[in-house]
Amino acid sequence: MRYLFAPAELFPILLEGLRGLAVWAGLPVMAGDWAGAALVMFGLFAFCALTVMVLVYAERKIAGHMQARIGPMRVGWHGVLQVIADTIKLIVKETWVPGSADRWVYRCAPYVVFTAGFLALIALPLDRDLTPVHLNLGLIYIVAVGTPGVIGILMAGWSSGNKYSLIGGMRSAAQMISYEVPLLISLMGVVMISGTLDLHMIVESQRVPYIIFQPLGFLIFLISAVAETNRNPFDIPEAESELTAGFHTEYGGIRFAYFFLAEYVNMFVLSALAATLFLGGWQGPWFPGWVWFLAKTGAILFLFIWFRWTFPRFRADQLMDLSWKILTPLAFLNLLATGLILVLL
Amino acid sequence: MATIIGFYLLALLAIGAGILLVSSRNLLHALLGLAVASLAVAGLMLGLRAEFLALVLVLIYVGAVVVLGVFAVMLTGHFEKAVLPPSNELKILGGGTALALLVLITGVILIQPLAPDAVPAQVPIQKLGALLMTDYVLPFELVSVLLLAALVGAIVIARGKED
């Protein structure tokens, strides 16, 4: 499966070591490759958990300061250990299944949602020579593996056997499939300019960040990305005042933690995608590539958090109008203009 | 070796999910069966190095068809008891069609056996796109008209009768 997994870019020495170990233990060389793949996945999971913890802490602190509060302060220095305390609480909490739930679907849903977000992580180019898995069709891959997330949300909403969950799940899914249309079309402009779907090549082809050529595309992508992650001002699916907590009302403990993790992982993936496609990814002077990648992703993540704590919530009909009547036509217009300019120049 | 094990695991998963899809009387379980079967078939395509096809299959079947299916079930208003009757008046026609399709496919495979050492072609997507816009532009446009008709039909059914 070399074409799927090119570990030579990431762990050449480690992989040789694992292969040697496999041969020494009398196993086929392939066992070493598999161990390498497992290690990469484990590393990514750790990276994912760490990123989410940093994000949750940042969100709470930023929210606090935006509202003239100080945010978490008690656990650790300026509350840095608060997230760890919360995680431990979620892990040790009893998990239970409501009596009216569809048991298996209810149990599987959080993992479906999380896996969809997590799988996208493996194709992101973190640095010039650092991509966990290098794919020729990286962009389509990221878009495609994210789609089962909608099904996970519908599974959660429906299987909980609770009307708030069901309505929340329906709203989430309707919103996500509506905003997927402008999101995908806004990406096509970048694909047309760079002429490739390989995320590495897209980054390398950016002498100037594509946001200069695709300002409208970037704007549409950003708005759709906020809506895709069901965050304020597009958080009708979880509107506390009317739907308690939307599709995950009936979830608690570790299963709720997975939904929470999935929300932040999706946020990270979409921000990283925006940084890669529109802001030049790991390219930048003076610092190593991964610093630029993380800095650009962080800047967009800050925008996400900033939006959440400053804008009021949309109404359900306004939300659909924005997607279908404004963003989608604008995205098509952007695509047409990009095509015309490319042909004429 | 690993490829063969992977093939059989994915094939078993696809068949199992397919059986769930046609035998489950709960419509939503059936749709989840379709999602799993599509993912398994996409995995098989990855094994054949048809990466683009695999990703498009996931994008369209899991991302669109199953989600729309769930919506369709929920719009009927029976989502809490989305239970199918064990059979209906079309069972002879449906069974006959399935049987005819099975005979047809088996016949084609028997008449025109697959080359045992066929190397799957790596078609670059640039070529695929160019073909869709030149040689196959008419079928491509016809399919889009079909989808448009389905879309209009769905809206008509969902709106119901005008008062």
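To keep things clear, this report deals only with the structure shown in the data block. From a predicted model like this one, the values you see are computed outputs, not experimental measurements. (Residues numbered from 1 in each chain as written. Chains lettered and ligands numbered in written order. Predicted model: local features only at pLDDT ≥ 70, side-chain atom pairs only at ≥ 80, totals over all residues. Heavy atoms only, no water.)

**Quick notes on the side chain of S186(A)**
Along the chain, the position of S186(A) falls in helix 7 (residues 163–194). For S186(A), a relative accessible area of 0% translates into the label buried. (Helix = DSSP H or I, 4+ residues; strand = E, 2+ residues; numbered from the N terminus. Buried < 20%, exposed > 50% of the residue type's maximum accessible area, 1.4 Å probe, protein only.)

**Notes on the nonpolar core**
Counting residues in hydrophobic clusters, the biggest one holds 110 residues, and the most contacted among them are L139(A), I142(A), F221(A) and L277(A). The residues contacting F221(A), other than those within four sequence positions of it, are L183(A), S186(A), L187(A), L270(A), L273(A), A274(A) and F278(A). (Core = buried A, V, L, I, M, F, W, Y, C linked by side-chain atoms within 4.5 Å. Contact = heavy atoms within 4.5 Å.)

**Here we look at the environment of I88(A)**
Assignment of secondary structure puts I88(A) in helix 3 (residues 82–92). Separated by 165 residues in the primary sequence, I88(A) and G253(A) place their C-alpha atoms 9.7 Å from one another.

**Things to note about the interface of chain A and chain B**
On the chain B side, the residues contacting the 25 residues of chain A number 25 residues. Surface buried jointly by chain A and chain B totals about 2,300 Å² across both partners, of which 83% is contributed by carbon and sulfur atoms. Taken together, chain A and chain B are joined by zero salt bridges. Linking chain A with chain B are zero residue pairs in polar contact (both at pLDDT 80 or more), by the criterion used here. Put simply, the parts of the chain that give the side of chain A that touches chain B at least two residues each are helix 2 (29–66), helix 5 (138–146), helix 6 (148–159) and helix 7 of chain A. No other element matches helix 6 of chain A, which puts six residues into the side of chain A that touches chain B. Per-class residue counts for the side of chain A that touches chain B are 22 nonpolar, two polar and one charged. (Buried area = accessible area lost by both parts, 1.4 Å probe. Salt bridge = Lys/Arg side-chain N within 4 Å of Asp/Glu carboxyl O. Polar contact = N/O pair within 3.5 Å; in protein donor to acceptor, adjacent residues only side chain to side chain. Nonpolar A, V, L, I, M, F, W, Y, C, P; charged D, E, K, R; others polar.)

**Concerning the pattern of salt bridges**
Residue and element names in this part refer to chain A. Taken as a whole, this structure holds three salt bridges over all chains when the rule is applied. Across the salt bridge formed by D321 and K325, the nearest N and O atoms sit 3.4 Å from each other. With a gap of four residues between them, D321 and K325 both fall in helix 13 (residues 316–344), about one helical turn apart.

**Some points on helix 3 of chain A**
Residue and element names in this part refer to chain A. Within the span of helix 3, buried status applies to Q82, V83 and L90. The arc that holds the buried residues of helix 3, viewed along the axis, is 95 degrees, so those residues lie on one side. Residues of helix 3 that are exposed and angled more than 90 degrees away from the buried face: I91 and V92. Tucked inside the fold, the buried residues of helix 3 contact helix 2 and helix 11 (253–278). (Arc of directions from axis to C-beta.)

**Some details on empty space enclosed by the protein**
Space left empty within the atom packing is revealed by a probe, the size of a water molecule, rolled over the atoms. All names here are of chain A. A full pass over the atoms with the stated rule returns three cavities of 30 Å³ or more. A volume near 470 Å³ is recorded for the largest cavity. In terms of lining residues, the largest cavity is bounded by 31 residues, among which G146, M176, E228, N266 and L270 are the most central. At the level of elements, helix 4 (103–121), helix 5, helix 6, helix 7 and helix 11 are the ones that each hand at least two residues to the lining of the largest cavity. No other element matches the nine residues that helix 11 contributes to the lining of the largest cavity. (1 Å grid on protein atoms, 1.4 Å probe; cavity = no way out; pocket = protein on both sides within 12 Å on 5 of 7 lines; lining within 4 Å. Points joined across faces, edges and corners; volume = space filled by probe spheres on them.)

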